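# An overview of the molecular structure
If you want the building blocks of each chain, they are given just below.
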Amino acid sequence: LTEIETRLSETESRVDDKLANLEEQAYYHIISQIGAEGSIVVSKLVKDTTISRPVYNNLLEKMKLNKIADIVNMGVKGTYIKIIHPVLKAEAESK
């Protein structure tokens, strides 16, 4: 995840754009569920972990804004995520 933080610091120098510890945990939980591409339902992730919905939403927003992933909200069907950053994509595919 250091690569995500590096990417965030390259694109935005604001401190609040860096990942919090819980956001880092949320990222790894997501890629353990879908790998580099797939759909998630945030409410199910919240039930599976002790991480709150706002943490997941903040993570997804940061990933989208910093071009780490393409993210599409599909309404009741969940959220589609495709990791596009090459290094993070390779890491996610290996999990």
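Look a little higher up for the structure.
The text that follows walks through the structure, step by step, so that each part is easy to find. All values reported here derive from a predicted model rather than from experimental measurement.

### With respect to the pattern of salt bridges
- Tallying each qualifying case throughout the model produces 1 salt bridge.
- Across the salt bridge formed by Glu23 and Lys62, the nearest N and O atoms sit 3.0 Å from each other. With Glu23 in helix α2 (residues 21-34) and Lys62 in helix α4 (residues 53-65), the pair connects residues that are 39 residues apart, well separated along the chain. Each member of the pair Glu23 and Lys62 is classed as buried.

### Quick look at the sheet that holds strand β3 (residues 79-83)
- Pairing is antiparallel across the open sheet formed by 3 strands, whose spatial order is β1-β3-β2. Each of the sheet's edge strands pairs with one partner strand only, and the pair in question is β1 (37-40) and β2 (69-73). This sheet shows a mean twist of 15° between the axes of neighbouring strands, independent of strand direction.
- With 5 bridges joining them, β2 and β3 adopt antiparallel strand pairing. Across the sheet, residue Ile71 finds its bridge partner in β3, namely Ile81.

### A word on the nonpolar core
- Residues Ile30, Ile40, Met63 and Ile81 are the most contacted members of the largest nonpolar core, which totals 23 residues.
- Counting residues per element, the ones that place at least two in this core are α2, α3 (42-48), α4, β2, β3 and α5 (86-93).
- When residues no more than four places from it in sequence are discounted, the contact partners of Ile30 are Gly35, Ile40, Leu45, Tyr56, Leu59, Leu60 and Ile81.

### Quick word on the environment of Val55
- Its place among the elements puts Val55 in helix α4.
- The spacing of Val55 and Glu23 is 32 residues in sequence and 6.0 Å in space, taken between C-alpha atoms.
- Discounting residues that sit within four places of it in the chain, Val55 has contacts with Leu22, Glu23 and Ala26.

### Looking at the pairing of β3
- Covered by surrounding structure in β3 are Thr79, Ile81 and Ile83 only, the residues Tyr80 and Lys82 on the alternate face being uncovered.
- Sheet analysis places β1 next to β3, joined by 4 bridges and oriented antiparallel. The residue bridging Ile40 from the neighbouring strand is Thr79, located in β3.

The rules behind these values
Residues numbered from 1 in each chain as written. Predicted model: local features only at pLDDT ≥ 70, side-chain atom pairs only at ≥ 80, totals over all residues. Heavy atoms only, no water. Salt bridge = Lys/Arg side-chain N within 4 Å of Asp/Glu carboxyl O. Helix = DSSP H or I, 4+ residues; strand = E, 2+ residues; numbered from the N terminus. Buried < 20%, exposed > 50% of the residue type's maximum accessible area, 1.4 Å probe, protein only. Pairing = 2+ DSSP bridges. Axes fitted to C-alpha atoms, helices over the stretch in contact; angles between N-to-C directions. Core = buried A, V, L, I, M, F, W, Y, C linked by side-chain atoms within 4.5 Å. Contact = heavy atoms within 4.5 Å.

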